[in-house]
Each structure stands twice: as C-alpha cells, then as structure tokens.
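Descriptive structure summary
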Amino acid sequence: MKKLILLFILTIGVIGVYAQELPLKKDPVFQEGETLQYKLRYGFITAAEATIKVTNSDLVFDNKPTYRLTVDAQTSGTFDVFYKIRDHYDSYIDKKDLLPYFYQENIREASYKRQDKARFNQDAKKIVSNRGNFNTPTNQTFDLVSAYYFARSLDISKLKVGDSFKLNYFLQDEVSALEIEYVGKETIKSKLGNIRCLKFSPSIKPGRIFKKDSRLYLWVTDDGNRVPVKAQVEILVGAVTMELKSAAGLKYALAKE
C-alpha cells in the first residue's frame, strides 16, 4: 500500500516531465484558491484519497513572493484499517517562473514516520536538504508537487503524437530523470462529466509492483487548466486507477462535451 500511495503522488506530478523542452505561457493556468480532489482505486475499491491546493504564501525567497502548493494523501476504507497513511507535502514556488524554492514532506505510514526538507538554488544548480547536498544537471529541477504546477502552465501547442521529453526531479536523496510520451487525444467519462483530454504515457520501472510490460497512462484536460482527470496502470495483481473527484477555483471552464 505504501508503494501505491507513492505512485499516487508521482502520477499527480508526473505530467511535468516535458517541462524543459517547452516555454511557459504568459500567465499561470492556475490561481490562488484552486482545490482538486482525487481518489485512488485498487480494482473497484477506493484505497486512498488526495487533496491538492494552491494558496498565497507569506514566505519570501530571494525577495520574491511565492505560492504555497500542498498535497494531503491518506488511505481510506479497509486500507485505512490495515495500513494507515497520512502524508503531507508542501512546495513553495516563485509566482512568476513557477520554480521551487523550498519543499518539505511529512510522512506518516503505519508506525513509520519521516520529515524531509529541501532548499532549491536553481542558479547554482544545487539542492540542500536534511539528507545532504545535491548537484542538479540544469537550472530547472523540481520536487514532485512543483513539477505538476509548472507543467500545467507550459505551451504544449506544438506537441505531436509520439513526442517524448524529460524532466529532472528531486525525491528523498537523489535527482532523477523521468520521461513521458504524448499519445494523443481522448474523451474521458468522469464524475464531472465527459471531458476532452490529452493522453500521455509516463515512463515507469518494471519490477516490484509493475508488470514487465506495464504502461502508465495519464489523461489531462484539453483546456486552459491542464488538470489531470485520470491515470491508470496495471500492477502485478490487478490495476490502479486515479480519478478526479472534484475541482474548485479553476481559472478556466473544463473542456466538457
């Protein structure tokens, strides 16, 4: 169950993997007050839920104002009885270029607890965290939460089916690269209606919980918001699906049919 929750958070942020190849739009596609709620299903059972919020932050880094991005994820139903998870993530990003300055996570999974913090210095290509100091290959390196919001504000108008891109992200004690492929367009039935989406396939590593030939698919609204609506992947036993439950404070109308 612990690995499924991590997959949940990775999936939410994973659309950021094409970030370094594409320019930002003039203005962010999200705004203060946006709140998204997701559920994670294992087969037909709801295993976990997550809430993602954008709020204004009082913290200033390098004399620049920031947004505070938060993710709260927790198990639910039967899963909560046998393996209780309460994970909280914060990312503070520049309001203009949307790059992260500071990231922290508070992990509570059954009897296991962990708190990590990281300070990003993009110009120096360095990250200083409680786990050590890390060099980054570019001046655009993200935590998982900031990657998601940065990617949503990219201009993807020139993407073609089959295009793939990479992004560097920092997680726990290493900087990793993730790759994603643009698959095409598809309409997804959701609790919010039938929504026109862009379909992506982020890379995953086989083994542990994934089948050798497993592919992760991610559907993102084909509108100004670029909100993930659904993600799905086969695991060794069954499949895991992430679905959007509700969306409040969106900057633009959803691409409903």
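Notes on the structure follow. (Residues numbered from 1 in each chain as written. Predicted model: local features only at pLDDT ≥ 70, side-chain atom pairs only at ≥ 80, totals over all residues. Heavy atoms only, no water.)

1. A closer look at the side chain of Asp223
When you line up the elements, Asp223 lands in the loop between strand E13 (217-221) and strand E14 (228-234). Of the side chains bearing the opposite charge, Arg226 lies closest to the buried Asp223, which forms no salt bridge; the N-O distance is 5.5 Å. Among the polar contacts listed, one links the side chain of Asp223 to the backbone nitrogen of Asn225, at a separation of 2.9 Å. Not counting residues up to four positions away in its chain, the partners in contact with Asp223 are Ala253, Leu254 and Ala255. (Helix = DSSP H or I, 4+ residues; strand = E, 2+ residues; numbered from the N terminus. Buried < 20%, exposed > 50% of the residue type's maximum accessible area, 1.4 Å probe, protein only. Lys, Arg positive; Asp, Glu negative; His and termini not counted. Salt bridge = Lys/Arg side-chain N within 4 Å of Asp/Glu carboxyl O. Polar contact = N/O pair within 3.5 Å; in protein donor to acceptor, adjacent residues only side chain to side chain. Contact = heavy atoms within 4.5 Å.)

2. Regarding the pairing of strand E15 (residues 239-248)
In this structure, strand E1 (residues 35-42) lies alongside E15, joined through eight bridges in antiparallel fashion. Note on E15: the bridge partner recorded for Leu40 is Met242. Sheet topology note: the E14/E15 ladder contains five bridges and is antiparallel. Across the sheet, Val233 pairs through a bridge with Val240, a residue of E15. (Pairing = 2+ DSSP bridges.)

3. Let's talk about the pattern of salt bridges
Across all of its chains, the model carries 15 salt bridges by this definition. A salt bridge links Glu243 to Arg41; its shortest N-O distance comes to 3.1 Å. Of this pair, Glu243 sits in strand E15 while Arg41 sits in strand E1, placing them 202 residues apart in sequence. Put simply, Glu105, Arg114, Asp116 and Arg131 are held in one network by salt bridges that share partners.

4. Comments concerning the pairing of strand E4 (residues 85-94)
Burial analysis of E4 places eight of its ten residues in the buried class, the great majority of the element. Bridge count between strand E3 (residues 64-75) and E4: nine bridges; the pairing is antiparallel. Residue pairing across strands places Ala73 opposite Asp87, the latter belonging to E4. In this sheet, strand E5 (residues 100-109) lies alongside E4 in antiparallel orientation, the contact comprising nine bridges. Following the sheet pairing, Asp90 is matched in E5 by Gln104.

5. Re the nonpolar core
Of all hydrophobic cores here, the largest spans 49 residues; its most connected members are Phe30, Tyr38 and Tyr149. At six residues, the largest contribution of residues to this core is made by helix H3 (residues 144-152). Leaving out residues up to four positions away in the same chain, Phe30 has contacts with Val54, Tyr67, Ile93, Leu98, Tyr149, Arg152, Ser153 and Lys251. Among the nonpolar cores identified, the runner-up in size contains five residues, and Ile188, Ile195, Trp219 and Val229 belong to it. (Core = buried A, V, L, I, M, F, W, Y, C linked by side-chain atoms within 4.5 Å.)

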